[in-house]
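Each chain, written out:
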Amino acid sequence: MTRHRPARPVARRLLCGLRPLPLSLALMAGVLTAPLAEALETRLAAAGAPKDLSERLEAASASLGLAEGAEVQEILAAALSDYRTLVQVLYDAGYFAPVVNIAIDGREAAAINLLNPPKSVQSVAITVEPGQTYSFGRAVISPLPEGKPVDLPEDFATGRPASTGVIQEAATAGLNAWDQAGHPKVELASQNITADAVKNRLDAELRIAPGPKLRLGRMIVQGESDVRRNAIQQIAGFGTGQVYSPDLVSKAATRLRRTGAFTSVALRQAEVPNPDGTLDFIAEVEDMPKRRFTFGVEVSSSEAVELSSTWIHRNLFGGAERLQIDLALSGLGTSNTDGTISARLDRPAALGTDRTLFYLGSLEKLDEEHYTASSVTAAVGMKRVISDVSFVEASLGLRWVQADDAYGTGREFKYVAARIRGEKDKRNVKTDPSAGYYLEGEIVPFFGLDGGDPGVQMNLDARGYKALGATGRVVLAGRVQLGSLVGPAASNVSPTLLYFSGGAGSVRGQEFQSLGVDVGGRTAGGRSYLALSGEVRGKLTDTISLVGFYDAGFIDNNSFISGDSEYHAGAGIGLRYNVTGIGPIRLDLAMPVAGDTTDGLQFYIGIGQAF
């Protein structure tokens, strides 16, 4: 019987990173023509192996995965490949003197003559003797860069449990350290790995060839793209002349992806460095479809039907310019219909690397419960990307508003307004987060024209998420919204700068914008706002979740919330059905639990979590 057993008792060198010795076997086309196997029985026994190792062996075995009715040649091929596969699993787990027997109808698979195979096969029996685990004797990797941290695995040390996985991790850590130190052509020069079966010891010596320290050369653009070559170079901000760093290369690729103009971006090293000590990189890009149209709908008892659509052009003038036009209609089916159309043009890298110049304009008509307003806005600004998860932007523009509210009819406001906005998004999944947080803040200083009062509006939106337990099927979600208007009296400012509470975006269970401040028997917006929301989200299945929530809102006529602020709250339950690629479909049912309202049950239907 042929047994796959490492030599004993003398130590032997394991070549090619401790891969099992190759079996020089070939299945020649047309030779194996045996009929289908009948009632094939497969089993694997690994006496003395830990449960997790037995499970890994079973999962890796091709023989155990054979379908009923497999042909003889498939069975032979699976069995022969299992020698190598199973020994590699054992090596990875730290067993370097294993014995693997694979019997096909009682005959060792490796001993079967492939030119004269059996007519049929009834059973494949795999027997594994793991042997003893090994520990490291010598564990050396050199050279390593001086003054640079190297994240070597803790187990790559004398006396620690040995495995091929640890050796591979150590090699990867050493190569990455040299790469981070500016040596892009680093490679593993040699590996000397010796197993001593008497002492159950493994010696591993890895030698690294760092190659020269290089600077970044040119970024050469390849691929068919409608974005101009010089625009791609400008957007990427490739650090030609700087000491090579994988982070610099990665950032250049990220900047190109961030434009949304490309479906794929890849930067690869040139094969040979330049004589001047620089290394060129090849940028391969592929364009996204230029145009995109999206459509959404939300339904609620207080806001009726809300429709929204977006049209995007990703490369308007050949420089990856992004034009986005948004249209939103709400209150459809009621007497109070709102409409907004806005457009924004982004020109990436127009003001330098990571700096986008943008122009925006909007027309808005609001017909709300407590006021009506028509407005026109035009502004120009700059967006600065801080990191992959955060950015800030600032704009300056003009706004004209004509409004009717509790303070009068036909009131007109003209503002010069700046807007400084920042965002940090650390959610693990944007559409259905279970960990992380989201922060958005803005400051809007404005100056009234034609005698209007100046002031500052400040807003903050903070959200946090935490999964409970090992499975993470229960998630706690919380949200805090703050708003404050400092400067003008509420009677001397546009109602669009004041705050109301109630509805899907603030307090579910309460009518949309139902809470404000009393002005002679009518309701107006307040100068400060606080909304608190909490949810418990529990997964019933992989696609269906149940949600319980409580929302509370505060409005005050002063610039800050106080103990005398107007207050209301709502609570309810929700159902989520997750659709791959879209996110959860949301249904919320809520009742008022505090405040003066008597409107009763409210419902909300939409796409995505409430926050």
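Just so it is clear, the model here is predicted, and its values are computed rather than measured.

What counts and how
- Within any chain, residue numbers begin from 1 and follow the written order of that chain's sequence.
- Whole-chain, interface and lining totals are the exception, using all residues; otherwise, since this is a predicted model, local features are given only for residues with pLDDT of at least 70 and side-chain atom pairs are given and counted only at 80 or more.
- Hydrogens and water molecules were not included; the side-chain quantities draw on all heavy atoms of the structure.
- Pairing between two strands is assigned when DSSP locates at least 2 bridges connecting them.
- Numbered from the N terminus, helices here are DSSP runs of H or I no shorter than four residues, and strands are runs of E no shorter than two.
- Here, axes are lines fitted to C-alpha atoms. For helices the fit covers the stretch in contact, and angles between N-to-C directions go from 0 to 180 degrees.
- Note on contacts: a residue pair is in contact if any heavy atoms of the two residues lie within 4.5 Å.
- Only protein chains enter the accessibility calculation, which uses a 1.4 Å probe; a residue whose area is less than 20% of its type maximum is buried, one above 50% is exposed, and one in between is partly exposed.
- Note that the arc is computed from the directions linking the helix axis to the C-beta atoms.
- Basic side-chain nitrogens of Lys or Arg form a salt bridge, by our definition, when they fall within 4 Å of a carboxyl oxygen of Asp or Glu.
- Aromatic pairs are defined between Phe, Tyr and Trp rings, using the six-membered ring for Trp, whenever the two ring centres lie within 6.5 Å; interplanar angles under 30 degrees are classed as stacked, those over 60 as edge-to-face, and all others as tilted.
- Residues enter patches when their relative accessible area tops 30% and they take part in no salt bridge; the joining distance is 9 Å for like charges and 5 Å for the nonpolar side chains Val, Leu, Ile, Met, Phe, Trp and Tyr.
- To measure how exposed things are, a 1.4 Å probe is used in the Shrake-Rupley method; for residues, cover is taken only from the protein chains shown.
- By the criterion applied in these results, polar contacts are pairs of N or O atoms within 3.5 Å in which, for protein atoms, one can donate a hydrogen and the other can accept it, and in which residues neighboring in sequence qualify only through two side-chain atoms.

A. Up close: the sheet that holds strand E10 (residues 262-269). Read from one edge of the open sheet, 3 strands run E9-E11-E10, paired in mixed fashion. Each having just a single partner strand, strand E9 (215-222) and E10 make up the two edges of the open sheet. Neighbour-to-neighbour, the strand axes of this sheet turn through a mean angle of 25°, independent of strand direction. Relative to strand E11 (residues 278-287), E9 runs parallel, the two sharing 6 bridges. Paired with Leu216 across the two strands is Leu279, which belongs to E11. Packed onto the sheet, helix H4 (residues 229-236) meets E9, E10 and E11 and runs at close to 140° relative to E9.

B. Spatial organisation of the sheet that holds strand E3 (residues 99-104). Taken together, 4 strands build an open sheet; the order of strands is E2-E5-E3-E4 and the sheet is mixed. Of all the strands in the sheet, just strand E2 (41-45) and strand E4 (107-108) have a single pairing partner and so form its edges. Here E2 runs beside strand E5 (residues 123-129); their pairing, made up of 5 bridges, is parallel. For Glu41, the partnering residue across the bridge sits in E5 and is Ser123.

C. Spotlight on helix H1 (residues 51-60). Turning to H1, its buried residues are Leu53, Ser54 and Leu57. All buried residues of H1 fall inside an arc of 100° around its axis, so they share one side. Within H1, the exposed residues directed more than 90 degrees away from the buried face are Lys51 and Ala59. Of the surrounding secondary structure, the elements contacted by the buried residues of H1 are E2, helix H2 (72-92) and E5.

D. Expanded view of the pattern of salt bridges. Tallied over the full model, the rule gives 35 salt bridges. Put simply, Asp354 and Arg258 hold a salt bridge, and the shortest N to O gap is 3.4 Å. With a gap of 96 residues between them, Asp354 in the loop between strand E15 (338-347) and strand E16 (355-367) and Arg258 in helix H5 (residues 246-258) connect regions that are remote in the sequence. With relative accessibility at 18%, the residue Asp354 sits in the buried group. For Arg508, the salt bridge identified is with Asp551, shortest N-O distance 2.7 Å. Here Asp551 lies in strand E26 (residues 544-556) and Arg508 lies in the loop between strand E22 (474-486) and strand E23 (517-519), a separation of 43 residues in the sequence.

E. Inspection of the packing of aromatic side chains at higher detail. A complete count under the given rule lists 10 aromatic pairs for this structure. Relative to Phe96, the ring of Tyr91 has its centre 5.4 Å away and its plane inclined at 25°; by these criteria the two rings are stacked. By relative accessible area, Tyr91 is classed as buried at 3%. Relative to Phe156, the ring of Phe136 lies with its centre 5.5 Å away and its plane at 75°, an arrangement referred to as edge-to-face. Highlighted residues: Phe136 in strand E6 (residues 135-142) and Phe156 in the loop between E6 and helix H3 (164-180), separated in sequence by 20 residues. Exposure class is identical for Phe136 and Phe156. Each is buried.

F. Region of the structure containing a nonpolar patch on the surface. On the surface, a cluster of nonpolar side chains totalling about 870 Å² of accessible area is made up of Phe293, Phe295, Val297, Trp311, Ile325, Leu327, Leu329, Ile341, Leu363 and Val376. Structurally, Ile341 can be placed in strand E15.

G. Quick look at the pairing of strand E18 (residues 390-405). Both strand E17 (residues 372-387) and E18 contribute to a ladder of 15 bridges, which runs antiparallel. When the bridges of E18 are listed, Ser387 appears paired with Ser390. Connecting the antiparallel pair E17 and E18 is a turn made up of 2 residues. In this sheet, strand E19 (residues 408-425) lies alongside E18 in antiparallel orientation, the contact comprising 15 bridges. Looking across to E19, one finds that Ser395 is bridged to Arg419.

H. Geometry of the side chain of His370. Residue placement: His370 occurs in the loop between E16 and E17. Within the structure, the side chain of His370 is placed 3.5 Å from the backbone oxygen of Gln513, a separation counted as a polar contact. Beyond its immediate sequence surroundings of up to four residues, His370 is in contact with Asp405, Ala406, Phe500, Gln513, Ser514 and Thr523.

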